[in-house]
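Examining the three-dimensional arrangement
Spelled out, the chains give:
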Amino acid sequence: MIRHVQLCVDENKLRLARDGLHQYRIISQHANIQSLGKVIAELRSRAEQKLIQAKEAAGVSSTGAASSSSSSSSSSSSSASSTDAKAQPTAPSTNGGENVSSSILPKTTTATGGGGGDLDFVADTPEDLLLSTLQIEVRSSEGRSIHQALRSVWDVYKMILDLLRTTPKLERVYHETARRAFTFCRENQRPQEFKRLCDVLRSHFSLILKNRHKEDYESLLRPDLHLETRMQQLVVASELDLWKECSSTAEDLYSLGLHDYFYRTLRTGQEFFHRCREKLMRWLAIYYEKMSRVTWVSDNYLYHALAWIKLLLHVKGFKKNVSKTDLHAMASVAVLAVLSIPITG
């Protein structure tokens, strides 16, 4: 089966790969479901490696790619980025010189080169078909190969998420794929695909909630996996300047019980808390930091000040090795945020 998915990716026969995965899922579901996870991991890594090879063949550098990708995605994200014209105060370092959101994402460089174009575009009318043909002709051979590789990786991510949305014992593979898809959207500057991915994850979670009375679905509702995925979703949404999506993701985190999970873990045994301490602290710090940016962009100065105060109290209460300089800087920003609240009435 591994060889089958390798050939499907190499020959761009993803429909055959999807049909084969569905059949293999039926076969292995009650015998050895972990083998399906290995096949999916191979399919995912094969598609990602093909994209890397296409970029290397085209000679796409990280610097030139960043400029080309930002220009190609400016039309789709201009409405979101224009609302961030005001300067947002940056959170002082609370993690030994690193920003609190930098540790949740992989250390990768921004690399793209696929150019514009919707990866989910389907020609519904003759005019759309003619326009898509014209766009393909305008691209160079390297641009076409990169765009095809981008589309293949995107289709693989969607295929895996759709296959594993209600598959018990493979929830880790599902969430790992979702986080890789977020990284894909961030590296290649794909805001439209990111929005669709967020909608897909919400629909999958709603489906799980509807069937949570079933015994096999209990493992699909693990809060730590969902919270970690949503935290990366929040970080990537802010990096893509999708502030409306940031607000929706923050609501998702609140609905998932981020604060309740943190304090419930705090009340449990010390050994378990120390294993999760750094991760939980980082999650809450990221949450407060991103909420301060969202409220600043939306001109909600009252909640902007509240978010800064929450971040300051959280860092002061749970971060032991934070320097006094960082605390003073955060306290100063919190005071300025309070003073910037307009007086009404």
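The rules we used
Residues numbered from 1 in each chain as written. Predicted model: local features only at pLDDT ≥ 70, side-chain atom pairs only at ≥ 80, totals over all residues. Heavy atoms only, no water. Helix = DSSP H or I, 4+ residues; strand = E, 2+ residues; numbered from the N terminus. Buried < 20%, exposed > 50% of the residue type's maximum accessible area, 1.4 Å probe, protein only. Contact = heavy atoms within 4.5 Å. Areas by Shrake-Rupley, 256 points an atom, 1.4 Å probe, with all protein chains shown as cover. Axes fitted to C-alpha atoms, helices over the stretch in contact; angles between N-to-C directions. Parallel < 35°, antiparallel > 145°, perpendicular 65-115°, else oblique. Left-handed = near helix turned anticlockwise from the far one by under 90°. Nonpolar A, V, L, I, M, F, W, Y, C, P; charged D, E, K, R; others polar. Patch = residues over 30% accessible without salt bridge, like charges linked within 9 Å, V, L, I, M, F, W, Y side chains within 5 Å. Salt bridge = Lys/Arg side-chain N within 4 Å of Asp/Glu carboxyl O. Core = buried A, V, L, I, M, F, W, Y, C linked by side-chain atoms within 4.5 Å. Phe/Tyr/Trp six-rings, centres within 6.5 Å; stacked < 30°, edge-to-face > 60°. Lys NZ or Arg CZ within 6 Å of the ring centre and 35° of its normal.

Going by what an unreviewed UniProt entry lists, the protein chain is known as Eukaryotic translation initiation factor 3 subunit 10 and is assigned to Cystoisospora suis.

1. Some remarks on the overall build of the protein chain
Helices and strands together make up the secondary structure of the protein chain, namely 15 helices and zero strands. Counting across all 345 residues of the protein chain, residues that qualify as buried make up 44%. Long-range contacts, defined as pairs at least 24 residues apart, comprise 76% of the intrachain contacts of the protein chain with a sequence gap of at least 6. Carbon and sulfur atoms make up 54% of the accessible area of the protein chain, which totals about 17,900 Å².

2. A look at the packing of helix H1 (residues 2-10) against helix H2 (residues 14-28)
Packing of H1 against H2 brings their axes to within 8 Å, and their N-to-C directions diverge by 160°. Taken together, the axes of H1 and H2 lie roughly antiparallel to each other. Note on packing geometry: the crossing formed by H1 with H2 is left-handed. Along the contact surface, H1 presents His 4, Val 5, Cys 8 and Val 9, while H2 presents Leu 14, Leu 16, Ala 17, Gly 20 and Leu 21. Here the contact of H1 with H2 is composed, by residue class, of seven nonpolar, two polar and no charged.

3. Let's talk about a nonpolar patch on the surface
Taken together, the side chains of Leu 302, Tyr 303 and Leu 306 make up a nonpolar region of the molecular surface, amounting to roughly 310 Å² of accessible area. Judged by its relative accessible area of 41%, Leu 306 falls in the partly exposed class.

4. Things to note about the nonpolar core
In terms of nonpolar packing, the biggest core is built from 74 residues, with Leu 21, Leu 164 and Phe 194 touching the most fellow members. Among the elements that take part in this core, helix H7 (residues 141-164) stands out by supplying twelve residues, more than any other. In this structure Leu 21 touches Met 1, Val 5, Leu 36, Val 39, Ile 40, Leu 43, Met 159 and Leu 163, once residues within four positions along its chain are discounted.

5. Remarks on the packing of aromatic side chains
In the structure shown here, the tally under the stated rule is five aromatic pairs. Taking the centre distance of 5.7 Å and the plane angle of 80° together, the rings of Trp 296 and Tyr 301 count as edge-to-face. An aromatic cluster of three or more residues is present, and its members are Trp 154, Tyr 157 and Phe 184. One residue, Arg 230, lies across the ring of Phe 205, its end atom 6.0 Å from the ring centre.

6. Considering the pattern of salt bridges
This model, assessed by the stated rule, comprises twelve salt bridges. For Glu 176, the salt bridge identified is with Arg 180, shortest N-O distance 3.5 Å. Of this pair, Glu 176 and Arg 180 are both found in helix H8 (residues 171-187), four residues apart, which corresponds to roughly one turn of the helix. By relative accessible area, which is 29% here, Arg 180 ends up partly exposed. In this structure, the salt-bridge partner of Arg 202 is Glu 245, at a minimum N-O distance of 2.6 Å. Of this pair, Arg 202 sits in helix H9 (residues 191-210) while Glu 245 is found in helix H11 (residues 243-256), placing the two residues 43 residues apart along the sequence. Each member of the pair, Arg 202 as well as Glu 245, carries the same accessibility label: buried. Through salt bridges with shared partners, a single network forms among Arg 44, Glu 48, Glu 176 and Arg 180.

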